[in-house]
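# Summary of the model geometry
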Amino acid sequence: MNQSDINPDVRQHAQALLDFIDASPSPWHAVASIRQSLDDAGFTALRETDSWELNAGSGYYVIRDDSSIIFFRLGEDNLQHSGFRIIGAHTDSPGFRIKPNALIDKQDTLMLGVEVYGGPILATFTDRDLSLAGRVSLRSESVMPETRLVKFDQALARIPNLAIHMNRDVNTSGLKLDLQNQLPLLLTVSDDKHSKGTDVFRSLLAQQLNCESDAILSWELAVFDTHCGGFWGTQSEFIADSQLDNLASCHAGMRALLDSDNHELTQVCAFFDHEEIGSESVKGGNSSFLGDVLNRIAIAHRCDRQQYRQALARSLLISADMSHAWQPSFASAYEPDHHVLVNSGPVIKVNANHRYASNAVTEAMFMQCCEQANVPWQHYVHRNDIPCGSTIGPMSAARLGIQTVDAGNPMWAMHSVRESAGVLDHTYFTAALSVFLGKN
Ligand code: ZN
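Fair warning: this is a prediction, and the values are worked out from it, not measured in the lab. (Residues numbered from 1 in each chain as written. Predicted model: local features only at pLDDT ≥ 70, side-chain atom pairs only at ≥ 80, totals over all residues. Heavy atoms only, no water.)

## What to know about the packing of aromatic side chains
To keep it simple, the criterion reads: Two rings from Phe, Tyr or Trp (for Trp, the six-membered ring) form a pair when their centres are within 6.5 Å of each other. A pair whose planes differ by under 30 degrees is stacked, one over 60 is edge-to-face, and the rest are tilted. Counting from the N terminus, the helices are DSSP H or I runs at least four residues long and the strands are E runs at least two residues long. Burial here depends on accessible area, computed with a 1.4 Å probe over protein chains only, as a share of the maximum for the residue type. Under 20% is buried, over 50% is exposed, and the range in between is partly exposed.
The tally for this structure, following the rule as stated, stands at 10 aromatic pairs. On the numbers, 5.3 Å between centres and 90° between planes, the contact of Phe201 with Trp219 is edge-to-face. One end of the pair, Phe201, is in helix 5 (residues 200–209); the other, Trp219, is in strand 10 (residues 216–225), and 18 residues separate them in sequence. Phe201 gets classed as buried once you look at its relative accessible area, which sits at 0%. Of the residues examined, Trp219 reaches a relative accessible area of 13% and is grouped as buried. On the basis of an interplanar angle of 75° and a centroid distance of 5.2 Å, the ring pair of Phe238 and Trp412 is categorised as edge-to-face.

## A few points about the packing of helix 6 (residues 244–258) against helix 11 (residues 423–438)
In plain terms, the rule: For every element, the axis is a line fit to its C-alpha atoms; helices are fit only across the contacting stretch, and the angle between N-to-C directions ranges from 0 to 180 degrees. The scheme is simple: roughly parallel for angles under 35 degrees, roughly antiparallel for over 145, roughly perpendicular for 65 to 115, oblique for anything else. Should the near helix be turned anticlockwise from the far one by less than a right angle, the crossing is left-handed, and should it be turned clockwise, the crossing is right-handed. Only heavy atoms enter the contact rule, under which two residues are in contact if any of them lie within 4.5 Å. Side-chain classes follow a simple rule in which Ala, Val, Leu, Ile, Met, Phe, Trp, Tyr, Cys and Pro form the nonpolar group, Asp, Glu, Lys and Arg form the charged group, and the remainder, Gly included, forms the polar group.
At a closest axis distance of 8 Å, the pairing of helix 6 and helix 11 adopts a crossing angle of 45°. One way to sum up the angle between helix 6 and helix 11 is to call them oblique. The crossing of helix 6 and helix 11 is right-handed. For the pair helix 6 and helix 11, the contacting residues are Ala248, Ser249, His251, Ala252, Gly253, Arg255, Ala256 and Leu257 in the first and His426, Phe429, Thr430, Leu433, Ser434 and Leu437 in the second. Among the residues forming the contact of helix 6 with helix 11, the class breakdown is seven nonpolar, six polar and one charged.

## A look at the sheet that holds strand 16 (residues 347–349)
Strand pairing within a sheet occurs via backbone hydrogen bonds; the two strands may be parallel or antiparallel. To be explicit about the condition: Strands are labelled as partners when DSSP assigns at least two bridges between them.
Strand order in the open sheet formed by nine strands is 1-2-3-13-4-14-18-16-17, and the pairing between neighbours is mixed. Every other strand in the sheet has two partners, leaving strand 1 (44–46) and strand 17 (378–380) as the edge strands with one partner each. The average undirected angle you get between the axes of adjacent strands in this sheet is 25°. Summarising the sheet, strand 2 (residues 59–64) and strand 3 (residues 68–73) pair through six bridges and their orientation is antiparallel. Paired with Gly59 across the strands is Arg73, a residue of strand 3. Contacting strand 2, strand 3, strand 4 (84–90), strand 13 (266–272) and strand 14 (316–320), helix 7 (residues 289–300) crosses the sheet at an angle of about 25° to strand 3. Strand contacts of helix 9 (residues 360–373): strand 14, strand 16, strand 17 and strand 18 (403–408), with the helix running at about 55° to strand 18, the strand carrying the most contacts.

## Details of the coordination of the zinc ion
Just so we agree on the cut-off: Donors, by definition, are the N, O and S atoms found within 2.8 Å of a metal, the threshold being 3.2 Å for Na, K and Ca, and water is not counted, so a site can look incomplete. Every angle between 85 and 135 degrees makes a four-donor site tetrahedral, while opposite donors more than 155 degrees apart, with all other angles between 65 and 115, make a four-donor site square planar and a six-donor site octahedral; other sites are irregular.
Here the zinc ion is held by His90 (NE2), Asp245 (OD), Asp321 (OD) and Asp321 (OD), and the distances to it run 2.0 to 2.6 Å. Geometry at the zinc ion is irregular, judged from the four donor atoms that bind it and their angles of 52 to 140° at the metal.

## Observations regarding the layout of surface pockets
Inclusion rule: The definitions used throughout rest on a 1 Å grid laid over the protein atoms alone, on which a cavity is an enclosed set of points accommodating a 1.4 Å probe that cannot get out and a pocket is an open set flanked by protein within 12 Å on both sides along at least five of seven lines; lining residues are those having an atom within 4 Å of a point. Grid points are joined across faces, edges and corners, and a volume is the space filled by probe spheres set on the points.
Taken as a whole, the largest pocket holds about 470 Å³ of empty space. Lining of the largest pocket is provided by 16 residues; of these, His324, Ala333, Tyr334, Ala413 and Met414 occupy positions nearest its centre.

## Side note on the sheet that holds strand 20 (residues 419–422)
An order of 11-12-20-19-15 is seen for the five strands of this open sheet, with the pairing classed as mixed. Strands with a single pairing partner mark the edges of an open sheet, and in this sheet they are strand 11 (230–232) and strand 15 (323–324). Where strand 11 and strand 12 (residues 238–241) come together, three bridges link them in antiparallel fashion. Directly across from Trp232, in strand 12, lies its bridge partner Phe238. Of the strands in this sheet, strand 11 and strand 12 touch helix 1 (residues 8–22), which is tilted by about 5° from strand 12.

## Concerning unusual backbone geometry
Residues Asp245 and Asn246 are joined by a peptide bond in cis, for which omega reads 15°. Mapped onto the elements of the fold, Asn246 is located in helix 6. A positive phi angle is found at Asn210, which is not glycine, with a value near 55°. Tracing the chain through its elements places Asn210 in the loop between helix 5 and strand 10. With a relative accessible area of 72%, Asn210 lands in the exposed category.

Below, the structure written as C-alpha cells:
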C-alpha cells in the first residue's frame, strides 16, 4: 500500500463510517441511524402489522423491535428468475447492560449494576470515559408503553482500575475482573446533597428524557465509550473506534445498497440484533424475521409458493462480519498459513465444520465480486486447536436454504471497547458488495 491509495474518497468513506459508529452507541441507535439514511434516500417505512403494496424500483425498510432492520430495493426482474441478493450483518456489539435495580450504594459510593452482554474484553472497559445509550419504556394510557431512545453525551461513569501499588501482579497475571463484584460502574459519591433514598440514576434518566421519574417503567441501556473514532498510523491508514464489529459491515452494506444503480435485482440488507448472544430471539439472525420479510416481498411481487421457492434457490447471501487480522506479537494464536493483513482486502472465512457458511462455490462467487471490483481478497481459517467463532451466516443458510458466504474485513482487538481496522479495507469491501448487489 502507498499513500496515494488512500485518496480523498477513500478517506471520506472511512470518516463516514466513524461518524456512523459515533452516532450509533447502541443497537437501537444503529437502527435509528440507518433509518435516517434510508429516509434521506426516499425509502418507505413498512410495518409488519400492515399489509404491503410494493412497487418495483422503490426502496423499503422494516424494523423489528427497534434494533433489527431489513431494507430492500425491489427489482424489476421476476424474483423467480433472479432471486434475492442479500447482505446480512449484526447491529449489536459486546459490552454491558444496566440491571433493572441499577443503583448500588457501596459505602458512600453510588454505582450502577451491570450484566455482561456477549463476550467483551472486559479489561478494555476499565479507565474509559463511559456513558449510556439505549431505550426506555414509559408509562402510557394503553397496554403498550411509550418507548423512547436515550443517549447521554457526556461521560457519566467509569470502572477505575486498582492502582498497581495494590495489585502488584497485574502485569504478570493480567487484569482479571470479578464478574459479580468488580464490574459495577462508578457513578458518583453519595453525600447529603445526593440524599440517600432517592434514586439518583432514575432522576438522571428522567431528566434526560424530560419526563417524571416514576413514569419510567423499564430500560435496555448499553454502556459505551464516549471517545470518538479516529485515524492512526504513519499515513493515518488505520481507524480506531468501538463497535467496528460489526457496524463497519452494516455501513459497507448500507452504502453498497443505497449507492447501487442496478434496478433489475431485488437487493436486501438484513441487519440483526443479538448476534453476540447467539441470535435466538424475536429479532435475531435465527428468528423468523428475514424469512418473513422475503416471503412478504414475494407475495407483493405476486409470486406463488412454487415461485417463492425458486426465488430462494436462486438467492445469494453474504454474511458480512469482521475477521481477525494478524498481530505478530501474538503469532501463536494464528493459523500460520492463513493470517490476514489489514488494508489487504476483505477476508473470506472458511471452516470445515461450518461455523462459517462459506463453501467452494460461494467462496469463488465472492472472489469474483472482488476481482470485478478490482480489489484484493484474503482467506481466513482458524487454528485447529482453538475453538472457532461463528456468525449469522450458517443460521440463515440453514433456515432459508440460501447459498451463503462468510466474508468481512480484517480487524485487530475484536470485542475490545477500542477496536481497529484499515482505511482502505472499508472501501474495498464496499466495492465488492456493490458488485454483488449489481451483477447477475
Ligand atoms: Zn461480529
